[in-house]
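The chain contents come next:
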Amino acid sequence: MSEDEEKPSVDLADRNVRIGGAPGSGGEFQSPFPDQVLENVLENVLIFLTSRQDRNSVSLVCKSWYRAESMTRRELFIGNCYAVSPRRAIERFRRIRSLVLKGKPRFADFNLMPPDWGAHFAPWVTATAAAYPWLEKIYLKRMSITDIDLALLAQSFPNFKELVLVCCDGFGTSGLAVLASKCRHLRVLDLIEDEVADDEVDWISCFPENETRLESLIFDCVDCAINFELLEKLVARSPFLKKLRLNRLVSIGQLYHLMIRAPQLTHLGTGSFSHTDIVAQTDQEPDIASAFSACKSLVCLSGFREIIADYIPAIYPVCANLTSLNFSYANITAEQLKSVICHCHKLQTFWVLDSVHDEGLEAVAATCKDLRELRVFPVDAREDSEGPVSEVGLLAISEGCRKLQSILYFCQRMTNNAVIAMSRNCPDLVVFRLCIMGRHRPDHVTGEPMDEGFGAIVKNCKKLTRLAISGLLSDRAFWYIGHFGKLIRTLSVAFAGNSDMGLKYVLEGCPKLQKLEIRDSPFGDSALRSGLHHYYNMRFLWMSSCRLSRQGCQEIAWRLPRLVVEIMRGHTRDREEDEMDDSVEILYMYRSLDGPRDDAPTFVSIL
Amino acid sequence: MEKSEQHERDLNFAGTELRLGLPGIDDLKKQVQPSANKSNKRSLPDMNENCTSELTGNTSTPQKKGHPAPKAQVVGWPPIRSFRKNCLAKKNEAENSGVYVKVSMDGAPYLRKIDLNIYKGYKELVKALEDMFKFSVGGFSEREGYNGSEYVPTYEDKDGDWMLVGDVPWDMFISSCKKLRIMKGSEARGMGCVV
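So, how was this worked out
- Residues numbered from 1 in each chain as written.
- Chains lettered and ligands numbered in written order.
- Predicted model: local features only at pLDDT ≥ 70, side-chain atom pairs only at ≥ 80, totals over all residues.
- Heavy atoms only, no water.
- Helix = DSSP H or I, 4+ residues; strand = E, 2+ residues; numbered from the N terminus.
- Buried < 20%, exposed > 50% of the residue type's maximum accessible area, 1.4 Å probe, protein only.
- Areas by Shrake-Rupley, 256 points an atom, 1.4 Å probe, with all protein chains shown as cover.
- Polar contact = N/O pair within 3.5 Å; in protein donor to acceptor, adjacent residues only side chain to side chain.
- Contact = heavy atoms within 4.5 Å.
- UniProt positions renumbered as here; feature names shortened; annotations may be inferred.
- pLDDT = per-residue confidence, 0-100.
- Axes fitted to C-alpha atoms, helices over the stretch in contact; angles between N-to-C directions.
- Parallel < 35°, antiparallel > 145°, perpendicular 65-115°, else oblique.
- Nonpolar A, V, L, I, M, F, W, Y, C, P; charged D, E, K, R; others polar.
- Arc of directions from axis to C-beta.
- Phe/Tyr/Trp six-rings, centres within 6.5 Å; stacked < 30°, edge-to-face > 60°.
- Lys NZ or Arg CZ within 6 Å of the ring centre and 35° of its normal.
- Pairing = 2+ DSSP bridges.
- Right-handed = clockwise from strand over helix to strand, strands pointing away.

**Examining the overall build of chain B**
Counting its secondary structure elements, chain B contains 7 helices and 5 strands. The helix and strand sequence of chain B, counted from the amino end, reads α-α-α-α-β-β-α-β-β-α-β-α. Here chain B, with 195 residues, has 45% of them falling under the buried criterion. Counting every atom, chain B has about 10900 Å² of accessible surface; 53% of that belongs to carbon and sulfur.

**Focus: the side chain of A:D370**
Residue and element names in this part refer to chain A. Positionally, D370 belongs in the loop between α14 (357-367) and β15 (373-377). Among the polar contacts listed, one links the side chain of D370 to the side chain of K403, at a separation of 2.8 Å. Not counting residues within four places of it along the chain, the set of residues in contact with D370 comprises H345, L347, Q348 and K403.

**As for the UniProt feature "domain: COI1 F-box" (unreviewed entry) in chain A**
In the numbering adopted here, UniProt assigns the feature "domain: COI1 F-box" (unreviewed entry) to residues 35-74 of chain A. Counted over residues 35-74 of chain A, helix gives 75% and strand 0%. Its end C-alpha atoms are 23 Å apart.

**Observations concerning the confidence of the model for chain A**
Mean pLDDT over chain A: 91, with 91% of residues reaching 70 or higher. In this model residues 1-28 of chain A is a low-confidence stretch, pLDDT under 50, and it forms 21 contacts with partners more than four residues away in sequence or in other chains.

**Points about the packing of helix α16 (residues 416-425) of chain A against helix α17 (residues 451-460) of chain A**
Residues and elements named next belong to chain A. Contact geometry of α16 with α17 gives a least axis separation of 7 Å together with a crossing angle of 5 degrees. On the basis of the axis angle, α16 is roughly parallel to α17. Counting all contacts with α16, which are made through N416, V419, I420, S423 and R424, the residues of α17 involved are D451, E452, G453, F454, A456, I457 and N460. Split into classes, the residues belonging to the contact of α16 with α17 amount to 5 nonpolar, 4 polar and 3 charged.

**Points about helix α9 (residues 228-236) of chain A**
Structural remark: α-helix, 3.6 residues per turn; residues separated by three or four positions point the same way. Residues and elements named next belong to chain A. Within the span of α9, buried status applies to F228, L231, E232, L234 and V235. Buried residues of α9, seen end-on, are gathered within an arc of 160 degrees and therefore sit on one face of the element. Exposed residues on α9 whose side chains face more than 90 degrees from its buried face are E229 and K233. Looking at the buried side of α9, the elements it contacts are β8 (216-218), β9 (243-246) and α10 (252-261). Measuring from the backbone nitrogen of E229 back to the side-chain oxygen at the start of α9 gives 3.0 Å, which picks out N227 as the cap.

**What about the UniProt feature "domain: Transport inhibitor response" (unreviewed entry) in chain A?**
In the numbering adopted here, UniProt assigns the feature "domain: Transport inhibitor response" (unreviewed entry) to residues 95-140 of chain A. Regarding residues 95-140 of chain A, the helix share stands at 22% and the strand share at 20%, and the terminal C-alpha atoms are separated by 19 Å.

**Quick word on the side chain of A:H440**
As for its placement among the helices and strands, A:H440 is situated in the loop between β17 (431-436) and α17. Within the structure, the side chain of A:H440 is placed 3.4 Å from the backbone oxygen of A:F495, a separation counted as a polar contact.

**A look at the packing of aromatic side chains**
Overall, the coordinates contain 27 aromatic pairs over all chains when judged by the stated rule. An angle of 80 degrees between the planes, with centres 5.9 Å apart, marks the rings of A:F107 and A:W542 as edge-to-face. Placement of A:F107 in the loop between β2 (98-102) and α6 (122-131) and of A:W542 in strand β21 (residues 540-544) is noted, with a sequence separation of 435 residues between them. Here A:F107 matches A:W542 in class, with each residue buried. Between the aromatic rings of A:W203 and A:F207, the centroid separation amounts to 6.4 Å while the plane-to-plane angle is 55 degrees, which identifies the pairing as tilted. There is no split in this pair, since A:W203 and A:F207 are both buried. One Lys or Arg, A:R439, reaches over the ring of A:F495 and ends 5.2 Å from the middle of that ring. Above the ring of B:W162, the side-chain terminus of B:R181 is found at 6.0 Å from the ring centroid.

**Here's the deal with the pairing of β9(A)**
If a strand is regular, its side chains alternate between the two faces of the sheet. Residue and element names in this part refer to chain A. The sheet contact formed by β8 and β9 spans 3 bridges and is parallel. Across the sheet, residue L217 finds its bridge partner in β9, namely L244. At this point the chain moves from β8, through α9, to the parallel β9, and the crossover so formed is right-handed. One ladder, built from 4 bridges, connects β9 with strand β10 (residues 267-270); its direction is parallel. Its bridge partner lying in β10, K243 is registered against H267. Since β9 and β10 lie parallel, the crossover through α10 that links them has a hand, and here it is right-handed.

**A short note on the confidence of the model for chain B**
Residue and element names in this part refer to chain B. Per-residue confidence for chain B gives a mean pLDDT of 65, with 49% of residues at or over 70. This stretch, residues 24-73, has a pLDDT under 50; its non-local contacts, to residues over four places away or in other chains, come to 81 contacts. Taken over the whole predicted complex, pTM reads 0.76, whereas the ipTM for its chain interfaces reads 0.84.

**Overview of the environment of A:N417**
Residues and elements named next belong to chain A. Structurally, the position occupied by N417 is in helix α16. Exposure remark for N417: the relative accessible area of 61% places this residue in the exposed category. Along the primary structure N417 and E391 are separated by 26 residues, whereas in three dimensions their C-alpha atoms are 8.5 Å apart.

The following block contains the structure:
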């Protein structure tokens, strides 16, 4: 479109003379010309400005700057796909090369939202197909995408290079097949935690026959059988491939064959790390350790979906260089972990299952002095499960990993003292998410609520922007958050608080709050009202199974016309009950420039 | 049992009804916010058990009409994505109930490993073996074994004896089978007599 528009050429010498004030035959053109010049200069400068927050500021200076900014923005980030319509976005920004779109709120991941709620990619792909033929990159999170959308994408963007889909659904291997065959310049195809339907199409076979430009191929979530020989050939003809994450149907023998073809890999997802049902009688065990030795650039390791512990030593050769290790699908013991982790001195990101017990975490703390991010997931994700990790592990980590920035910790027992210790030992914490799985569990030593622990976190961790709380919590915890959590952008609350005051403290006290998700907490209409001054500054508010009434939500909708207020029933209720009951099961509200969406399903009421 | 208790509570029969469970459970269930009394509470596990046992089937609690207080929802708790839950659940199942045995066939260069639990009976198992190794067994009878087959499925049991597949009841077979071997018919001919 405007790509080929010729800019009027600028002669700077001329400009200087004119600004000098000499009236000339071109006098009447003097006034617009310097503006034009300025705009051109600005555009040339703005090309280097990538931060979207800075760009937003730039666009507010004046109309000229607004125009220059909109012509030079290359990446369009839309944090809530319903906050703006595709039409409005493409009218303002004409030269987008990269699109980031986020759809459903995070609690949809946990089945709290009925299916088919929305966040469809279709209107976006249709609009951008026409407006941005030079589009190169698309990143989607929690969107509903169909195979038709993927086909349209593949045929509309001849220069398409990168597709990253995170937590998306609605498509299958037939969509992937179209992408693979039509996107000739594809460099990145990253499918991360998506739900991909098995259409029994061998999409790997659809990549073009000649050398590919693939740099990253991530498909560990695609639970469909693939033709291994074709995958091997694909890897062999992809000399630029650096990141490869295999699905769990790839056996360790097959992994070996792939690794020896791609020793240049930096990121590897190992697939099952186990045998499939075929084990050749005559074949020896694959020398998987030598394959790892050959991968001198490997820094990120994941997979291990069905790990056979005997093979763990195979990864020793790469441990010293690893900065990221994901064992969160590997049900291994403390001993098995220790044998690996003792070599991982450079580790910065570590995901693991609680099967390693507190003892395993102590080993991590002893070696991984550079650890920035830790996630501990439960093997048994039920409320009344055993809980092999506790405050002991948390304390050890806090003492050993002083540079910790981000933690997600699932457990069954915790103490305030351990959390307080972490708040003191790890002042760099930006993300603190503690999930005590048993609801309303107090400090298991003192019997006190967990208020003081979380209070210490918000007080001592001055860089904290994301917080998730759990356990027995009174309004006091919320008072702490409102009082100290001045940088908090994302807050997750579940089964917490005593009264409306809890929510009020937060809404009145946290000026940077963007995303607030609350479930099963006793907050009602009065608390909701206390955030009126702030809702336009937020990306969204989610409240489910709280104490809201339709009337209360309606009032918010009246007072804030630019807010879209969605009320939903959970998928267990009938339509008839709607008329009888004034209580609101799910409230999801967000600001929008274009009013209520037109694709809302019947179980959603927009007030 | 738990479901009918829940139902009766909602209809407020609690006052006159004789029910099982500790006194005060009713109040705990309705009261979502914790109070000072609760801090040393072990009755909470009762509440949890009630809910969890209703919901381990992964369905959400059906909500009763006119129940205004926030319900103790356990859908989506703990907050683990279903992808991860399913992956680990598969593994737990496998560890708890998978019966993996190696299957070899005389003359074939490779072994297979199968999970006996996924088959409902001998018929399915034999069919699967036939598909896997491309042979056929013909008919099986109590008296004559696999008469007239080129290949015969056999297994080694806990005691180290080699038996014909099909000799013992299926459940007994599953718990005693250590490995399977598809023998050449000629070798297996003597086995019909073992039983």
